Amino acid sequence: MKKTVRGFVLVLTLLLLTAVIGGSFYMLDYSLAPDEHRADTARCFRKLFVKYPETRPWVDSLRQKDALRDTFVVMPGSGERHHALYVNNGSNKTALVLHGWRRCSVDFLFLARLYEQDLGYNVVVPDFHAHGLSEGDMIQMGWLDRKDMLHWLSIFQTDTMVVHGVSMGGATTMMMSAEEYLEGIKDIRFVDDCGYTSVWDEFAGELREQFGLPTFPLMYTASLLCKLRYGWSFGEASALEEVRKSDRPMLFIHGDDDSFVPTDMVYRLYEAKPSKKELWIAEGAQHAVSYMNHKTEYVERVKNFLK
């Protein structure tokens, strides 16, 4: 009888272990796999013009002047070839606009238009690692990407700079905010639009909302697997911890009806930021649509923040 019980316990343990390991691989691949259509820029432009029709004449005008340029660079360390769209306005001010999860540079040209047309900035809109036309096999959720974005800043350095990111790009913006910057940059500011506190918090929330599962054990095993495979863990990829160390001006934007990156996250981020901070909660806005729902106020909020 005892042997039967021990055998049953052993089989059950092996089954549970197999389920956890399999679930960890599934969770990681589900969360970090790139969009299969990521390099279809024509498709992205069609979607952009439907969602933001005002961008079509602006893009057409830039193309006529050869002012919207595809730029490719090799990233230090990884040796990967990464892509960005660059709009040269002949200014001494440059905006780095950072897109969201499984999106691409083209998708966020509506924000590039805000900076180039309304504010007179040059604009750089990179494709993150494993997004758009940039090389890479797995999404990095902004944590390792922050180093790539610093490289883009160094390439297009001007006296005045702003980093403006949405969703994953917003988290990346905050993750960059405590880094050391080039001496030639006299003024650098940050705009976070609906970025998450940490990858751990975001994934744990989605695990609970989409699958009804607790954090233990899957979050722990998936995070360990991510560390072993890709060199970073969910817990260390924390915008919240980087914001605590940042002394540079930051504008936080978040919709009050955001359930994908819950609105309560922005209050924690704002509270953690030591000083030089502003907060705008966009009424009735769900995830990443604060600009779409409140275009005039969005532009004015950004413009006033950069004065």
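In what follows, the accompanying structure is described.

**Section: helix 7 (residues 199-211)**
No. 1: In this model helix 7 runs 17 Å from its N-terminal to its C-terminal C-alpha over 13 residues, within 8% of the 18 Å that 1.5 Å per residue would give.
No. 2: Residues of helix 7 that are buried: Val199, Trp200, Glu202, Phe203, Ala204, Gly205, Glu206 and Leu207.
No. 3: Backbone geometry just downstream of helix 7 places Gly212 in the positive-phi region, at approximately 65°.

**Looking at the packing of aromatic side chains**
No. 1: Using the criterion set out here, one finds 19 aromatic pairs in the structure.
No. 2: Centroid distance Phe216 to Tyr220: 5.8 Å. Interplanar angle 65°. Geometry classified as edge-to-face.
No. 3: When its relative accessible area of 48% is taken as the criterion, Tyr220 is described as partly exposed.
No. 4: For the pair Phe252 and Tyr270, a centre-to-centre distance of 5.9 Å together with 85° between the ring planes defines the contact as edge-to-face. With a gap of 18 residues between them, Phe252 in strand 7 (residues 250-255) and Tyr270 in helix 10 (residues 264-272) connect regions that are remote in the sequence.
No. 5: We note Arg63 situated over the ring of Phe45; from NZ or CZ to the ring centre the distance is 4.5 Å.
No. 6: Between Arg81 and the ring centre of Phe72, over which it is positioned, the NZ or CZ distance is 4.0 Å.

**A few points about the side chain of Ser105**
No. 1: With respect to the helices and strands, Ser105 occurs in the loop between strand 3 (93-98) and helix 4 (109-118).
No. 2: By relative accessible area, which is 1% here, Ser105 ends up buried.
No. 3: Ignoring sequence-local partners within four residues, the contact set of Ser105 consists of His83, Leu85, His99, Val125, Pro126 and Asp127.

**Side note on the sheet that holds strand 8 (residues 277-282)**
No. 1: Overall, mixed pairing links the eight strands, which are arranged 1-2-4-3-5-6-7-8 in an open sheet. Where the open sheet ends on each side, the last strands, each with one partner, are strand 1 (68-74) and strand 8. Each neighbouring strand pair of the sheet contributes to a mean axis angle of 20°, computed without reference to strand direction.
No. 2: In this structure, strand 2 (residues 81-87) lies alongside strand 4 (residues 122-126), joined through four bridges in antiparallel fashion. Residue Ala84 lies in a different strand from strand 4, and its bridge partner there is Pro126.
No. 3: Across the sheet, helix 10 touches strand 6 (187-193), strand 7 and strand 8, and the angle it forms with strand 8 is around 170°.

**Brief notes about the environment of Ser233**
No. 1: Within the fold, Ser233 resides in the loop between helix 8 (218-230) and helix 9 (239-244).
No. 2: Ser233 sits in the buried class, given a relative accessible area of 16%.
No. 3: Taking the C-alpha atoms as reference, Ser233 lies 23 Å from Asp193; in sequence the two are 40 residues apart.
No. 4: In contact with Ser233, not counting residues within four places along its chain, are Ser223 and Lys227.

**Here's the deal with the pairing of strand 8**
No. 1: Where strand 7 meets strand 8, six bridges bridge the pair, whose relative direction is parallel. Bridging across to strand 8, Phe252 finds its partner in Leu279.
No. 2: Between the parallel elements strand 7 and strand 8, the chain passes through helix 10 in a crossover that is right-handed.

Conventions used here
- Residues numbered from 1 in each chain as written.
- Predicted model: local features only at pLDDT ≥ 70, side-chain atom pairs only at ≥ 80, totals over all residues.
- Heavy atoms only, no water.
- Helix = DSSP H or I, 4+ residues; strand = E, 2+ residues; numbered from the N terminus.
- Expected span 1.5 Å × (residues − 1).
- Buried < 20%, exposed > 50% of the residue type's maximum accessible area, 1.4 Å probe, protein only.
- Phe/Tyr/Trp six-rings, centres within 6.5 Å; stacked < 30°, edge-to-face > 60°.
- Lys NZ or Arg CZ within 6 Å of the ring centre and 35° of its normal.
- Contact = heavy atoms within 4.5 Å.
- Pairing = 2+ DSSP bridges.
- Axes fitted to C-alpha atoms, helices over the stretch in contact; angles between N-to-C directions.
- Right-handed = clockwise from strand over helix to strand, strands pointing away.

Functional significance is not addressed by these values, which are geometric in nature.
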